[in-house]
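A closer look at the structure
Single-letter residue listing:
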Amino acid sequence: MKMRKDERKLLILTYILCIGLFSNLAILSDPIDKKALIIGGALCLVIGYSHFVIRRFYPDGDKFLLIFAGILSVIGIAMLYRLETSLAIKQIVWFIVGIIVYILTVVIVPNIRSFAKYKTIYLVATLIFAPMALLLGKELNGAKNWVFLGQFGFQPSEFGKIFLVIYLASVLKDFDNTKKGFEHIKQLIQPAIVVMIFLGCLVLQRDLGSALIFFGISVSVLYIATSKKKYAFTCLGLFALGSSIAYKLFPHVRTRVDIWRNPWADPNGYGYYQVTQGLYSISSGGMLGSGLGQGYPGFVPVKESDYIFAAICEEFGIIFGIGILIIFFLLFYRAIRIAFVTDDKFSQLVAVGFSIMIACQALVIVGGIFAVIPLTGITLPFVSYGGSSMVTMFFTLGLLQKVSEEG
């Protein structure tokens, strides 16, 4: 009963946030932009109805996952509406598609445990998506990570990481710590080769952000499955060695690292300009922001996807940006605790993998924007513009919801 009350309170706060944001957007225009008010109301209806359906017909499980994702999506759509209305409309469509995928996943997918036996299918799917962009992709913004079918484009890595998580969970669930010598190591050879192939393809595609996320997922799932610190440290050592080799072999890796080490060396140069303008944007907003519609996020390249967090901090302030990070932390917390409420090893590893995926993606892009780590050009989950990212993230939430119901 207390959980239901907490859900209602959080839903009410979500409605207030949504109405407040889009009312503010509406009064920025003269006359009042009625479309913004309609969009705000529609988003409230979609979030409220989807929560009602899941709560009514599937009362078990964690419903906060959906609410936190709704809050992040509302903030992202509102910022996109301020930046470019046409992109916001497209994002709303993808948000609705994502909600539908989430509900269908909860409705159609049976017991998650029953999917553990299809490891070969996950392996094939992972190996299909790994080189797809490298072979068929088109280079955008310095990375070859998009595949276009006519006017429709998607990032294979967004789908590949889902299959990789499920594949690793299906393989490592049977890891036997009692085996000794080569038999002990033999259990890890196939998954290690698959991970290396995927990481190699991502590096060749110049998709360094996804490579970092995949590495974080792989090490986390490996450690949870084996409980061996030596494997985790070995992976970190190999990653450091591979990064050094990639730095020497690939010019784009050296460029990213050089920009990170000194973004002010050439503020108007290629690659440097985006980082420096992002930092200027964040600093100009200060703690409380310049106000919605009062900033100048247009100076920041790729502001609708890679750098939407910088645009949000400029107009809403650092405090609001910290609030977004707190929501991501709460989403990660609710997701990772699902692994503790199920006694099935496969379900546990799936929950851990998807939780780490969401957390890593948020930390990597925010860390790059603040120049804490080299910039890696990926989307901020649920917030940045991107259809494939939105749909795959809601699909992972649907699977997490199923695991939580089993628990």
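About the criteria used
Residues numbered from 1 in each chain as written. Predicted model: local features only at pLDDT ≥ 70, side-chain atom pairs only at ≥ 80, totals over all residues. Heavy atoms only, no water. Helix = DSSP H or I, 4+ residues; strand = E, 2+ residues; numbered from the N terminus. Rg over C-alpha atoms; globule rule 2.2 N^0.38 Å. Buried < 20%, exposed > 50% of the residue type's maximum accessible area, 1.4 Å probe, protein only. Domains from an automatic or database assignment. Contact = heavy atoms within 4.5 Å. Buried area = accessible area lost by both parts, 1.4 Å probe. Salt bridge = Lys/Arg side-chain N within 4 Å of Asp/Glu carboxyl O. Polar contact = N/O pair within 3.5 Å; in protein donor to acceptor, adjacent residues only side chain to side chain. Expected span 1.5 Å × (residues − 1).

When helices and strands are counted, the chain shows 16 helices and 3 strands. On C-alpha atoms alone, the chain measures out to a radius of gyration of 21 Å, which is about the 22 Å that the 2.2 N^0.38 rule sets for 407 residues. The principal-axis extents of the C-alpha atoms in the chain amount to approximately 75 × 55 × 40 Å. Looking at the 407 residues of the chain, the share that counts as buried comes to 53%.

What follows deals with the domain arrangement of the chain. Domain boundaries assigned for the chain yield domain 1 (5-108) and domain 2 (112-379). Of note, the centres of domain 1 and domain 2, computed from C-alpha atoms alone, are 25 Å apart. The interface is formed by 18 residues belonging to domain 1 together with 23 residues belonging to domain 2. The largest per-residue losses of area from domain 1 upon contact with domain 2 belong to Phe68, Leu72 and Met79, which jointly make up 30% of the total buried on that side. Along the contact surface separating domain 1 from domain 2 lie 3 salt bridges. Between Arg82 and Glu315 there is a salt bridge, and its shortest N-O distance comes to 2.7 Å. Counting every contact that joins domain 1 to domain 2 gives 3 residue pairs in polar contact (both at pLDDT 80 or more).

This model, assessed by the stated rule, comprises 9 salt bridges. A salt bridge links Asp62 to Arg337; its shortest N-O distance comes to 3.9 Å. Here Arg337 lies in the loop between α14 (318-336) and α15 (345-369) and Asp62 lies in the loop between α2 (34-57) and α3 (64-83), a separation of 275 residues in the sequence. Residue Asp62 is classed as buried on the basis of its relative accessible area of 4%. Residue Arg337 is classed as partly exposed on the basis of its relative accessible area, which comes to 31%. A single salt-bridge network, built from bridges that share partners, covers Asp62, Arg334 and Arg337.

Taking 1.5 Å as the rise per residue, α14 with 19 residues should run 27 Å; its terminal C-alpha atoms sit 27 Å apart, in good agreement. Those residues of α14 lying buried are Gly321, Ile324, Ile327, Phe328, Leu331, Arg334, Ala335 and Ile336. Check the buried side of α14 and you find it contacts α1 (2-27), α3, α13 (308-316), α15 and α16 (387-406).

What follows is about the environment of Phe382. With respect to the helices and strands, Phe382 occurs in the loop between α15 and α16. For Phe382, a relative accessible area of 2% corresponds to the buried category. The residues touching Phe382, leaving out its near neighbours within four places in the chain, are Ala69, Leu72, Ser73, Leu331, Met390, Met393, Phe394 and Leu397.

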